[in-house]
Amino acid sequence: MKKYSEKHINELSKKELEKLAGQGQLIDVRTEEEYELAHIKGATLHPVDKIESFNKDKNKIYYIHCKSGNRSAKASEYLAKQGYDVVNLDGGYNAYEEQNNNHDRQEENINVEIKTERKQLNYSGLQCPGPIVNISKEVKNIGVGDQIEVTVTDPGFLSDIKSWVKQTGHTLVKLDESNNGINAIIQKENLKDLEVNHTAKGTTIVLFSGELDKAVAAMIIANGARAAGRDVTIFFTFWGLNALKKEQTVNIKKKGIAKMFDLMLPKTSVRMPLSKMNMFGLGNIMMRYVMKKKNVDSLPSLINQAIEQDIKLIACTMSMDVMGIQKEELRDEVEYGGVGTYIGDTENANHNLFI
C-alpha cells in the first residue's frame, strides 16, 4: 500500500493548488452539480461514487478534496489501497472558499466603479429562490454597464449570488454582510458574451412525486437554475401531475377507474400531502402556514414564477391517460408529450434530476 497522508487544504496556497491542478494532480471528488457551481481552477472532477474507475499515472502524488473532507478521506483510503500516493485535503472546498473568497472578489472587481445612479431594491424577508429570480428579472430590464443594488436577509443569498454571477457572467461589484442583511451591487455585462457561455447548458427534472415538499423542492431548484441562465425542462409524470392542477377546482365527470383515481387524488396542487408527518392532511396545513410565515413561496407561486421565466412544463400524456387526468384540469401553459420529448431536452442538459 502506498503512502496516504493528510493536510489541511489551506496549507497550500491558491497558486500552489492551481499549479497541482494544471499538472492533473488535484482531484475534486464532489458531485458534478457541486463542481459546476464552483471549483478550484483546473481541478479534475472525479466523483467519489465513481472512484473505482480512477485510472491515472501511479508515479504522481494526487491531492484529493471534497466539500469538507469526509468524502475525500474515503476516496483517499480507497486509492491508497489501489497503490496510489495520495494526500487528503481536509477542510475541502468550504475552507478554500472561505480563505480565498474576499481576495478573489477584490481581484476580479477592483477596477469596477460603483455608479451613483443605480436602482436600489429591497428583498428583505424574501426566501430562496425569490431574491435570485427577482434579480434575474431586474437585470434583463437594465442596460449593459448599468448596476442594481439589492438588500437581502436570506442567509443563503451570500453563497447564491456568488454562484449566480459566475454562471451568468454578470459582475458582482460589491458584497457586504451586516446585522441588517446582505447588500450586493451587480453590474450587467454584454448579453452576447453570456449567450456563448451558456450554449448547450441546461437542467432537466423529472417530477414523479406527488408530495408537496418534494414538489416545492423541485420548483425551487428549477427557478434557481433558470435565473442562473440555464434552459430548464420539468417532466411531470404519474403523481407529479398533481402539481400542475389549476388553483381552482375543475369539475369533470369521470367514470370507472378514472373516477376512483379522482376520488383519491388531490383536487388542487395545494392539497398535495407531505412525504413525512402528513397526519391526514394536518401536516399540509401546518407546512403551508410555516412557509407563509417565513415568506417561502407556495407551490402555485413557484409554478407561476416558472411560467414567467419560460421554464418548459411537460405533462406526460401516458400518465394522464392511466390516471384519468384531463387537460382541462391542468394549467393552460402546460405542454404535452411523452418520454421522447423529455429525452430530446436532456441532450442539451448537464443536470438531470429525478424527484
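Now for a description of the structure that goes with this document. Residue positions are counted from 1 within each chain, in the order its sequence is given. At least 70 in pLDDT is required for a residue's local features to be given in this predicted model, at least 80 for side-chain atom pairs to be given and counted, and no such filter applies to totals for whole chains, interfaces and linings, which use all residues. Water and hydrogen atoms play no part in the side-chain values, which are based on all heavy atoms of the structure.

## Description of the overall build of the protein
Helix and strand definitions here come from DSSP, where helices need a minimum of 4 consecutive H or I residues and strands a minimum of 2 consecutive E residues; each element is numbered from the N-terminal end. Along the protein, the regular secondary structure elements total 13 helices and 14 strands. Burial here depends on accessible area, computed with a 1.4 Å probe over protein chains only, as a share of the maximum for the residue type. Under 20% is buried, over 50% is exposed, and the range in between is partly exposed. Out of the 355 residues belonging to the protein, those deemed buried represent 46%. Nonlocal contacts in the protein, meaning residues at least 24 apart in sequence, comprise 71% of its contacts between residues at least 6 apart. In what follows, a contact means two residues having at least one pair of non-hydrogen atoms within 4.5 Å.

## Focus on the sheet that holds strand S10 (residues 202-207)
Pairing between strands is defined by DSSP: at least two bridges between the two strands are required. One open sheet holds the five strands; their spatial order is S13-S12-S11-S10-S14, and the pairing between them is parallel. Since the sheet does not close on itself, it has two edges, and those belong to strand S13 (335-337) and strand S14 (351-354), each with one partner. Averaged over all pairs of adjacent strands, the angle between strand axes in this sheet comes to 20°, irrespective of strand direction. The sheet contact formed by S10 and S14 spans four bridges and is parallel. Bridge pairing in S14 places Val206 opposite Phe354. Convention adopted: a line fitted to C-alpha atoms gives each axis, helices being fitted over their contacting stretch, and angles between N-to-C directions are expressed from 0 to 180 degrees.

## What about the packing of helix H5 (residues 130-140) against helix H6 (residues 157-168)?
Viewed as axis vectors pointing N to C, H5 and H6 meet at an angle of 40°, and their least axial separation amounts to 10 Å. With respect to H6, the axis of H5 lies oblique. Every pair of crossing elements has a handedness; the one defined by H5 and H6 is right-handed. Every residue of H6 that contacts H5 at Pro131, Ile132, Ile135, Ser136 and Val139 is listed here: Phe157, Asp160, Ile161 and Trp164. Each residue belonging to the contact of H5 with H6 can be placed in one class, and the counts come to seven nonpolar, one polar and one charged. Under this scheme an angle from 65 to 115 degrees is roughly perpendicular, one under 35 degrees roughly parallel, and one over 145 degrees roughly antiparallel; angles in between are oblique. Crossing handedness follows the turn of the near helix against the far one: under a right angle anticlockwise gives a left-handed crossing, and clockwise gives a right-handed one. Amino acid classes used here: Ala, Val, Leu, Ile, Met, Phe, Trp, Tyr, Cys and Pro are nonpolar; Asp, Glu, Lys and Arg are charged; the rest, including Gly, are polar.

## Things to note about the packing of aromatic side chains
Between rings of Phe, Tyr and Trp, where Trp is taken as its six-membered ring, a pair exists when centres lie within 6.5 Å; planes separated by under 30 degrees are stacked, by over 60 edge-to-face, and by other angles tilted. This structure, assessed with the given rule, holds six aromatic pairs. Judged by centre distance (5.5 Å) and plane angle (45°), the rings of Tyr93 and Tyr96 are tilted. Here the residue Tyr93 and the residue Tyr96 both occupy positions in helix H4 (residues 92-109), the gap between them amounting to three residues, near one helical turn. For the pair Tyr93 and Tyr96, a shared accessibility class is recorded, and that class is buried. Ring geometry for Phe208 versus Phe354: centroids 5.9 Å apart, planes at 25°, classification stacked. Within this pair, whereas Phe208 is found in the loop between S10 and helix H8 (212-227), its partner Phe354 is found in strand S14, the two being separated by 146 residues in sequence. A connected cluster of aromatic rings, assembled from ring pairs, spans Phe54, Tyr62 and Tyr84. Consider the ring centre and the ring normal. A charge sits over the ring if Lys NZ or Arg CZ is within 6 Å of that centre and within 35 degrees of that normal. In this arrangement the basic side chain of Lys56 is found over the ring face of Phe54, its NZ or CZ atom lying 6.0 Å from the centre.

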